Amino acid sequence: MKYIWLFIKKTLRLLLKPLSFVPAILVACMIFSFSADNGIQSTEESLTVTRRIVVEYNERFEKGWDEGQISIYTWRLERYVRKAAHMAEYCLLAITLSIPLYVYGLRGFPLIVVTVGICAAYACTDEYHQLYSAGRTASGRDVLIDSGGALIGALTGRFVSWLGSATIFRPLRMKKR
């Protein structure tokens, strides 16, 4: 019975480890779909999100802005919201990528370098992809912003992986020693 359980356990690990990359693939597909939007769609989405933020800020802090002021702040802040979205999506990509890499045995500084490298390469291909979307352009600045978000995500993923192995999965880590 002991050997059957061990076989089942090894088989599950063998099957589930590659599936740990599925969230990273889904995030990469999400980024790809955002890049496929034409310039008008992309700007409208950014303005919609920015307007929601400005309206919420106005209501939360009781600023009493009229519709004209809300529109002005929306247009002023749209660029920053767009860049923050770039950082956030690549931060999420790095987190979902660094955890499976950690599971496969990549640790410490190499984990961060490989994760950020993969995300930066994907950011380059993403900007190249935008060249083929109507009304969009490629930007080296966006690649740097994406890479910054990836660095934050890689550090977060590294910390979460370390924390998980030191707490939740500690018994598994102790068995290997």
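Our structure is the block above this text.
Residues numbered from 1 in each chain as written. Predicted model: local features only at pLDDT ≥ 70, side-chain atom pairs only at ≥ 80, totals over all residues. Heavy atoms only, no water.

Considerations on the packing of aromatic side chains
- In the structure shown here, the tally under the stated rule is seven aromatic pairs.
- Relative to tyrosine 73, the ring of tryptophan 65 has its centre 4.4 Å away and its plane inclined at 35 degrees; by these criteria the two rings are tilted.
- The class for tyrosine 73 is partly exposed, based on a relative accessible area of 28%.
- One aromatic cluster in this structure is built from Tyr57, Phe61, Trp65 and Tyr73.
- Over the ring of tyrosine 80 we find arginine 79, and its NZ or CZ is 6.0 Å from the ring centre. (Phe/Tyr/Trp six-rings, centres within 6.5 Å; stacked < 30°, edge-to-face > 60°. Buried < 20%, exposed > 50% of the residue type's maximum accessible area, 1.4 Å probe, protein only. Lys NZ or Arg CZ within 6 Å of the ring centre and 35° of its normal.)

A word on the pattern of salt bridges
- Throughout the structure, instances matching the rule amount to four salt bridges.
- Note that glutamate 67 is salt-bridged to arginine 51, the shortest N-O span being 2.3 Å. Of this pair, glutamate 67 sits in helix α4 (residues 67-103) while arginine 51 sits in helix α3 (residues 39-60); the two residues are 16 residues apart in sequence, bridging distant segments of the chain.
- In this structure, arginine 60 engages glutamate 56 in a salt bridge whose closest nitrogen and oxygen atoms are separated by 2.5 Å. Residue arginine 60 and its partner glutamate 56 are located together in helix α3, separated by four residues, close to a single helical turn. (Salt bridge = Lys/Arg side-chain N within 4 Å of Asp/Glu carboxyl O. Helix = DSSP H or I, 4+ residues; strand = E, 2+ residues; numbered from the N terminus.)

Points about a nonpolar patch on the surface
- A cluster of nonpolar side chains, namely Met1, Ile4, Trp5, Phe7, Ile8, Leu12, Leu15, Leu16, Leu19, Val22 and Leu26, defines an oily patch on the protein surface of about 1200 Å² accessible area.
- Looking at the nonpolar patch, the elements with two or more residues in it are α1 (2-19) and α2 (22-36).
- Sorting elements by how many residues they give to the nonpolar patch places α1 first, with eight residues.
- Summarising the element assignment, leucine 26 is placed in helix α2. (Patch = residues over 30% accessible without salt bridge, like charges linked within 9 Å, V, L, I, M, F, W, Y side chains within 5 Å. Areas by Shrake-Rupley, 256 points an atom, 1.4 Å probe, with all protein chains shown as cover.)

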